[in-house]
Amino acid sequence: MDYIKLINCMRCGMCLPTCPTYKETFLETASPRGRVALLRKLREGDLDQSDRLLTYLSFCLDCQACATACPCGVNAGELVAEFTCERKEGKRMGFMEDMVLRKLLPHPERLETFMVPIRFYQRMGLQRLVRTLGILKMFPKPLERMEGLLPDLPEKPLRRVIKEDMQARGETRGTIGFFLGCVMSLIFSEASRATINLLTVLGYRVITPKNQVCCGAPHMLAGDKEGLKTTARKNVDIFSRPDLDFIVTDCGGCGAELKKYSHYLEDASSVLFSSKVRDISQVLAMHADELKLLLKPLLLKMTFHDSCHIAHSQGIRKEPRDLIRLVPGLTYIELENADACCGSGGTYNIEKSEMADLILHRKLDTIRATGADAVVTGNPGCLLQLKKGLMDHLPQVKIMHLTELLAKSMNT
Ligand code: SF4
Ligand code: SF4
């Protein structure tokens, strides 16, 4: 880790009110400023790498809200993530980590096979039974949390059924490589189907390579830099076709990671790859005038939650809002602190469930205050977290991906 990044913090505290864990605890050790100070003291040899210190650092969600607020360009979340990677470098991985990060995630077909029993569990009505009887309370907490977050799975993962090469409707204006995130394919396949449909309607040929692999975000979260570089290399090679104008994703977390490939791999092909990556909202916003003509009225009161990976990591805020406002008849209500984290954070909502719930409830309170019928967002992690939160506490409020909203308006 670059020492300069640590000493850039001038301890002004401007990041504190934006940090979800500080807002819940008011503890300096749970703030970005405190985390940077701990890393600096560690680096300077004034602190040992104790369990207590690692616990303090582990509460960071890597939401990057502090980076947006910091006038000195300090990114506490990224520094904590870098520290985790350095700490784990060269160390032997645990069995479960090795299974998930090396044996499962880089192989989409294995991931799909892994989901088969879960789909069976839902289709046979076992999930309803288990939830009604409260059986999961007898199982370890992480398992109970994971099950609770699980929405209805689609019939088949989108990767299995989607055509690899979808021609543009009408005249072709360009070619897009579509990065279909694992969670989007396995769980939110309708949203990604809507994404591809919107792009073809707007005149793009869409290529979705079936052999693409996980973006590497889970590897980064777990501190597995080697695994991350391997998946990044594979994706860069798969998408290195000169005919691609853009590489588009509708998964905020994947987009943030794909844009960083050039930093990880540092070669010409990865620089070209990252320069072509766009969040779906960026491409759709380029064609707002045409899109507007295709949309039909929806009488909905709608609000928008900024995914951390889209707003803070990629700096995209205007495009999704402009697109929502295109829908005729829709009333848009801005959410207070729309870019505050929802508490999802990869597996944070499973590992740090109490803190994640506090953060989620703060978000739900702001959604309740809008009186909206539905919330739009652009990242599967947020969709999972908010879907569960809304189902438990605000069941009248629906949640959907941005492209689902636009597709709904197009097909009404
Ligand atoms: S991280 Fe940035 S905003 Fe926070 S205290 Fe340091 S300089 Fe100030
Ligand atoms: S990344 Fe998020 S949780 Fe971590 S220190 Fe920054 S604001 Fe706080």
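Look up: the structure comes first, before these words.
Here is what the cut-offs are and how they apply
- Residues numbered from 1 in each chain as written.
- Chains lettered and ligands numbered in written order.
- Predicted model: local features only at pLDDT ≥ 70, side-chain atom pairs only at ≥ 80, totals over all residues.
- Heavy atoms only, no water.
- Near = heavy atom within 4 Å.
- 1 Å grid on protein atoms, 1.4 Å probe; cavity = no way out; pocket = protein on both sides within 12 Å on 5 of 7 lines; lining within 4 Å.
- Sits in = over half its atoms within 2 Å of the grid points.
- Pairing = 2+ DSSP bridges.
- Helix = DSSP H or I, 4+ residues; strand = E, 2+ residues; numbered from the N terminus.
- Contact = heavy atoms within 4.5 Å.
- Axes fitted to C-alpha atoms, helices over the stretch in contact; angles between N-to-C directions.
- Buried < 20%, exposed > 50% of the residue type's maximum accessible area, 1.4 Å probe, protein only.
- Points joined across faces, edges and corners; volume = space filled by probe spheres on them.
- Nonpolar A, V, L, I, M, F, W, Y, C, P; charged D, E, K, R; others polar.

Moving on: the site of ligand 2. Close to ligand 2 lie C19, P20, P32, R35, C60, L61, D62, C63, Q64, C66, A76 and G77, which account for all nearby residues. According to the grid-proximity analysis, the pocket containing ligand 2 is the second largest cavity.

Reading across the sheet, the five strands line up as β1-β3-β2-β4-β5 and stay open at both edges, with mixed pairing between neighbours. Strands at the two margins of the open sheet, each flanked by one partner only, are β1 (165-166) and β5 (277-279). As paired strands, β1 and strand β3 (residues 204-207) are joined by two bridges and run antiparallel to one another. Its bridge partner being in β3, M166 is matched across the sheet by V206. Each of β4 (246-249) and β5 is contacted by helix α18 (residues 268-276), which is oriented at about 25 degrees to β5, the strand it contacts most.

All right, on to the sheet that holds strand β7 (residues 331-332) then. Reading across from one edge, β7-β6-β8-β9 is the order of the four strands in this open sheet, with parallel pairing throughout. Bordering the open sheet on either side are β7 and β9 (398-401), each of which pairs with just one other strand. Across four bridges, the pairing between strand β8 (residues 374-377) and β9 is parallel. Its bridge partner being in β9, T377 is matched across the sheet by H401. Taken strand by strand, helix α22 (residues 318-326) contacts β6 (301-304), β7 and β8, and its axis lies near 170 degrees from that of β6.

This next bit is on unusual backbone geometry. Positioned with a positive phi, D62 is a non-glycine residue whose angle comes to about 55 degrees. Of note, D62 is situated in the loop between α4 (51-58) and α5 (65-69). Judged by relative accessible area, which is 22%, D62 ranks as partly exposed. The phi dihedral of Q64 is positive, around 70 degrees, even though this residue is not glycine. Within the secondary structure layout, Q64 lies in the loop between α4 and α5.

Turning our attention to the layout of surface pockets. Taken as a whole, the second largest pocket spans an internal volume of roughly 650 Å³. Along the walls of the second largest pocket sit 30 residues, with L150, P151, D152, K387 and M391 positioned nearest its centre. For the lining of the second largest pocket, the element with the most residues is helix α25 (residues 380-393), which contributes six residues. Residue composition of the lining of the second largest pocket, grouped by class: 15 nonpolar, six polar and nine charged.

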